[in-house]
Every structure is written in C-alpha cells, then in structure tokens.
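Inside the fold
Single-letter residue listing:
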Amino acid sequence: MTDAAVIPCCGNSYCDECIGTALLECEEHTCPTCHQMDVLPDALIANKCLRQAVNNCKNGTGYTKRLRQQIRQQQQQQQPPPPPPPLMNIFLSVNQQFVGRAGELSFNICSDSYILVELIFQLSAFIHKGYQVPVQRQPALASRLGPQGQSIPTTGHPVRASTICSAGGRPGWELTPRLQNQPQRHYGMTSPISLAPPKHIDCIHTQKLVEAMKASGVFEDEEELNHRLVVLVKLNNLVKEWISELGESKNLPPSAVANVGGKIFTFGSYRLGVHTKGADIDALCVAPRHVERWDFFQSFFEKLKHQEEIKNLRAVEDACVPVVKFEFDGIETVLKSQILQDQKGLLHKENALSFAELDSTNCPPLVCCLQTVWHSNGWHFFPLKIGLMFARLSMPTVSDNLDLRDDLHLRSLDRRCIRSLNGCRVTDEILHLVPNKENFRLTLRAIKLWAKRCGICSNMLGFLGWVSWAVLVAQTCQLCPNALASTLVNKFFLFFFSKWEWPKPVLLKQHEESNLNLPVWDPRVNASDRYHVMPVSTPAYPQQSSTYNMSTSMRAVMVEEFKHGLAVTNEILQGKSDWSKLFEPLNFFQKYKYV
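Residues numbered from 1 in each chain as written. Predicted model: local features only at pLDDT ≥ 70, side-chain atom pairs only at ≥ 80, totals over all residues. Heavy atoms only, no water.

A look at the overall build of the chain
The condition is simple: A run of DSSP states H or I qualifies as a helix once it reaches four residues; a run of E qualifies as a strand once it reaches two. Both are numbered from the N-terminal end. Burial here depends on accessible area, computed with a 1.4 Å probe over protein chains only, as a share of the maximum for the residue type. Under 20% is buried, over 50% is exposed, and the range in between is partly exposed. Contact criterion: two residues are considered in contact whenever any of their non-hydrogen atoms come within 4.5 Å of each other. Residue burial considers only the protein chains on display, and all accessible areas are found by Shrake-Rupley using a 1.4 Å probe.
Along its length, the chain carries 18 helices and 10 strands. Each of the 595 residues in the chain was classed as buried or not, and the buried ones make up 42%. Partitioning the intrachain contacts of the chain with sequence separation of at least 6 by distance along the chain shows that 69% fall at a separation of at least 24. Surface summary for the chain: the accessible area is close to 32,600 Å², and the carbon and sulfur share equals 53%.

Next comes the structure, spelled out in structure tokens:
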C-alpha cells in the first residue's frame, strides 16, 4: 500500500492513487465499500499512522523489527543449558551388578584407584547440578539398557531432571530431588530488577501490614461484599430486560430479541479488588448496536425511576464521560424479587456464572452469597452508590463472555463510547500485566491508604487518581515480581523518589500501533504532550496520560511525600517502627502554616 488514505464515508483505508482513480472513473463517485455516492477524491484524508507503519515494514524498523528481536531473545533464553562433559566409559559388570538394594553398585575396574576417585567426583558434581544418573531397571529410556537389561553404560550426556518423581515402591527411576530454576515471564518493558524470593521476615512484615490496614477499616466484611454482588445482579437483569424491550419496540425479529444480550461491566477500585467500605461502584452498561445513547438516558432512565430500591437518581449527559448516578438501597426487595423467580431462593446458574468475574476479591459464588445474606440476622446495609456509564458496540449481540480488551470493539464508535470503554479496558489490562494479583492488590490498598492520609489522592486537585496509583504500583510489581507487599511498598517509594527520572513516562507495556487512528499520548508527535511533568500512561489503546493536570509544584509535593514514605518504610523493615506510622493522618495546617 502506497500513501494510505482514509475515505470519509466509511473510514476504510486505501492506497491514495488506487481509490482516487476508482472514484474518478465512476460517474457517480461511489465508494467501493459502503457504496455511498458523491465521494470526491479531494475529501480523502491522509492516514499518517498507516503510512508510517508501511514505511517501517519496508525499512525493517518499527514494531515488526522489535517483535522479531523479542522473539529472537525469547528463543535464546529458552535454549537448553549446554550439555555437561561426558562421563568416563565405565560399564557395570553383569556378574557384579546391583541385585536388590537401590544405590549399592559394584564396579569392575581394572585400572588404578584414582579412576574411581575421579568418577565419584564427577557423579557428585552432576547430582549437585540436578542431573540424574541412570541406574539399573529403568523402564524409560530403554536405549540406555543392554539387550537384556543386564549392563548400563554411563557414557554420554546424563538427562536433566526437572521434577521429583516417586516410584511408589516399584522398581524404576528416582530423579534427584533438586528443583530447577524455571525461566520467569517478564511482564514489563524491561527485565525485573530483582527476582529474589521472599524471606520469612518479609512474611512477618506483610502480616503486620495487613493488621495495620484492618485497624484503619480498609477491608469490607463478607456481608457487605455479598450485598454489592446481589445489587449488581439486579442491575444486570434490569439492563437485559430493558435491551430486550427496546428491541421489540424497534421491530427486531423475535429470534434476535431473544439473543441481543447486554451486560454490566465493573471497573475502577471494585474491579481491581481494592475498594474500601462504602466506596462507590463504577459500572459500564454495554449494549448492542440497535441501542442508542439517547435510549439509555431516556427509556432506561425512566425504567430506573420506577424501581423502589433506587434513590437520588440523576443523569449527567454533558460530562466528558456521560454517566447516570444513583443509590441502590433495600436489600429485602432485591431478595424478594429473586426468590419469586425461583422458589428455592437461588438465582439461575447463568447469572451466577456471568457475575463470578465481577467479584474481584474472591468472595463465594453468587448462590452461596444469597444464602449467606438470607440467613443473616440483620438487614442493615449502607446505600450503595453506583456510577453507570454507557457504551454501544457495533455488533448485533453482546454475550456474557465478551472480552473488552480486544481493540476491534472500538471500531466505528464515537469518542464518548470509547472513553466509557476505556475504564474497563485499562482496569483489565492492568490486572493482566502484573505477575501476582494478590500482592498487587495488597500493595495498592496500602499505597492508596497512605495517599489519602497524606492528602495527595485526588485527580481534581492536581494529584494522582486511582488509575495513576494503580499503574505506579503495577510498575513496581513488574520490577520485583517475587516480592511480597511489605517489600513492594518500600520499593514503590524507592523507585519513584530516587530512581525514577521524571518526566520519563511510566509505561507498563510498549505502545501498540493500530489502524483506528485514535489520538494517543505521544510526545514525539503531539507538542502538548511534551509539557507533562509526571506522565503516567494508561496501558490500553488509545493510550492516554492519566496525569495531564499535574503541575511542577504538585510533583514537588509528591516527590517530597515519596521521600518521607521511603524513610518510614526503611525504619519499619529495620524493626525500628511499625506500619501505623506510615498511615498517620497529615496535619495540614501544621505542615502548611502560610497557606
């Protein structure tokens, strides 16, 4: 393709010369894809991204070259270790071989005794390195046995043993009980800084960290988690019911109405599994293509009005990301409506399965949740605040197993739908890019609690929001994939205070090129992106900087707090203090006397 250009009617890309010639030769100037008439060649738009990708492919640079280099490096890393030097040609004599007890081997050696000493040293070295040495009566690797299994030559390269296998009392091979170091996956753009496994003292520090956060009221109890899950099931049923009714009103075929689907996705702190008591739930309503945005803010808004459990309902259509906000109350009404559908008080199986993924903190399945709430002694639950956004996909149906991480779902969508989908896509991508989700969640809980106590956890005030904190913690987990939460908290302050060279951007993965031509954060292309003083890039396409409103003075405040957090965590890990000191609230007027 030469000089790629985008045709404005359907957004497809063509060769500039080819599509121009095709439009001029056609009397009605008809688009070859969507067949729209009166499309002039002057209306073609240059596809700069695709042109650059074509040039990179021709020149052997760009993403394809990096991909080939990565594949070559992975193949080099996966190559087996060099074979050890061959053992000496020692054969076990048939008349003097082992007859009953494992390990009792006799050798028929006619040379000097130093040969036996040398053989013992070689065998010890191989066993120490994790190699297995063949002994008599091995059913596997029959080529190493003699014709009748009487003699076993130990010449050649021994086989590397990777696991421990028990013979169960039967004759056979016994592998050396030596665990081998398996190659570890690299999640970030660079190799990890430390692969050291956690020590016993790290486990003790992490347990003390959890106890300190429990004392601060960070974790929800099981009933509150169940309450959230039941509310989401109710909301998901309302969405599916509304989409089906809307399909009937728009004269869709009955077979299509029965399969249109629709689903509620969660994102933000709840999806990451780091929400606190009474925290809001950020949710997204994903609908098929026959549902328009005004349908969501009109007919679905009216449907919510008639629900007794929903209070303080309001719509914010003019926001950058339009949202409907409300409070969901009345757990008894939720349970009664579900029990009427099933006399046993259990939800349908497909509902339980479709919402198992929404509980990011591994609470019991939905059926057990309902039974737990049903048999509980009290019904005192807080009103659950929900912010519900809307996105319309260009597909006829929305299934329960839909994966929003696929970039193809962004095709032919408006900017508001893309922004709405970006919350779920970024959250899922972050969880996909961390080596250990539990360590990541515990570390992020600690960092968020510390940031709130220091007064620096507010995107509206020019500090970092939940996306930025999650990306920074995920970067720390990538650099130390085997560390526990106590160590990760300390490394977090170390990396972003003394090691990180701001305004070097924080990237969880390499930016991927796409032919969707959506604006992305790229200081090489966009001049305005070069003025970001503390850039933190979101990992999902289209990549954006989540710290666009950060100023130099705010960054100085952040770095100063990182410095203080590093000093406190160093004292904690040295046993000179405890974790409660890290979570001490800030005395704002004492620290800023002249504000």
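Following the structure, the description resumes.
Side note on the pattern of salt bridges
When the charged atoms of two side chains lie near each other, side chains of opposite charge can form a pair. What counts here: Just to be clear on terms, a salt bridge is a Lys or Arg side-chain nitrogen sitting within 4 Å of an Asp or Glu carboxyl oxygen.
In the structure shown here, the tally under the stated rule is 15 salt bridges. A salt bridge links glutamate 241 to lysine 303; the nearest nitrogen and oxygen atoms lie 3.3 Å apart. Highlighted residues: glutamate 241 in helix α6 (residues 222-249) and lysine 303 in helix α9 (residues 293-305), separated in sequence by 62 residues. By relative accessible area, which is 16% here, lysine 303 ends up buried.

Focus on the environment of glutamate 309
Looking at the element boundaries, glutamate 309 is found in the loop between α9 and β8 (310-316). Put simply, glutamate 309 and aspartate 329 are 20 residues apart on the chain and 4.9 Å apart in space, counted from C-alpha to C-alpha.

Considering helix α1 (residues 16-25)
Because an α-helix packs 3.6 residues into every turn, residues spaced three or four apart end up facing the same way. Applicable threshold: An arc is given here, and it is the one of the directions from the helix axis to the C-beta atoms.
Taken together, the buried positions of α1 are Ile19, Gly20 and Leu23. Here the buried residues of α1 occupy an arc of 100° about the axis, which is enough to place them on one side. Facing away from the buried surface of α1 by more than 90 degrees, the exposed residues are Glu17, Cys18 and Glu25. Those residues of α1 hidden inside the fold are in contact with β2 (13-15).

As for the nonpolar core
Using the following cut-off: What is meant by a nonpolar core is a set of buried Ala, Val, Leu, Ile, Met, Phe, Trp, Tyr and Cys residues, joined one to another through side-chain atoms within 4.5 Å.
Residues Phe440, Trp450, Trp469 and Phe583 are the most contacted members of the largest nonpolar core, which totals 59 residues. Put simply, the parts of the chain that give this core at least two residues each are α5 (200-215), α13 (415-432), α14 (437-454), α15 (466-479), α16 (485-499) and α17 (552-573). With residues near it in sequence (within four places) discarded, tryptophan 469 still touches Leu444, Ile447, Trp450, Ala451, Ile456, Cys457, Leu464, Phe492, Met558 and Phe562. Core analysis: the next-biggest nonpolar cluster, separate from the first, contains 30 residues, Leu232, Leu238, Ile310 and Phe326 among them.

Regarding the packing of α13 against α15
Filter applied, for reference: For helices, the fitted axis covers only the stretch in contact; all axes are lines through C-alpha atoms, and the angles between them, taken along N-to-C directions, range from 0 to 180 degrees. Angular relationships are summarised with four words: roughly parallel below 35 degrees, roughly antiparallel beyond 145, roughly perpendicular across 65 to 115, and oblique for the angles in between. Note on convention: the crossing is left-handed when the near helix lies turned anticlockwise from the far helix by less than a right angle, right-handed when the turn is clockwise. Under the scheme applied, nonpolar residues are Ala, Val, Leu, Ile, Met, Phe, Trp, Tyr, Cys and Pro; charged residues are Asp, Glu, Lys and Arg; polar residues are all the others, including Gly.
Viewed as axis vectors pointing N to C, α13 and α15 meet at an angle of 20°, and their least axial separation amounts to 11 Å. Classified by the angle their axes make, α13 and α15 are roughly parallel. In the packing of α13 onto α15, the handedness of the crossing is left-handed. Two secondary-structure elements touch here, α13 through Gly423, Val426, Thr427 and Ile430 and α15 through Trp466, Val467, Ala470, Val471 and Ala474. Counted by class, the contact of α13 with α15 contains 7 nonpolar, 2 polar and no charged residues.

Details of the sheet that holds strand β3 (residues 45-46)
Threshold: Strand pairing is assigned whenever DSSP identifies at least 2 bridges connecting the two strands.
Across the sheet, which stays open at both edges, the 3 strands sit in the order β2-β1-β3 with antiparallel pairing between neighbours. Only two strands of the sheet have a single partner each, and these edge strands are β2 and β3. As judged from the 2 bridges shared by strand β1 (residues 4-6) and β3, these two strands associate in the antiparallel manner. Across the sheet, residue alanine 5 finds its bridge partner in β3, namely alanine 46. Lying over the sheet, α1 contacts β1 and β2, oriented at roughly 90° with respect to β2.

Thoughts on the side chain of arginine 425
Operational definition: Polar contact criterion, stated in full: a pair of N or O atoms within 3.5 Å, where within protein one must be able to donate a hydrogen and the other to accept it, and residues adjacent in sequence count only if both atoms are side-chain atoms.
Mapped onto the fold, arginine 425 is located in helix α13. Note on arginine 425: relative accessible area 2%, which makes it buried. One polar contact links the side chain of arginine 425 to the main-chain carbonyl oxygen of arginine 405, over a distance of 3.3 Å.

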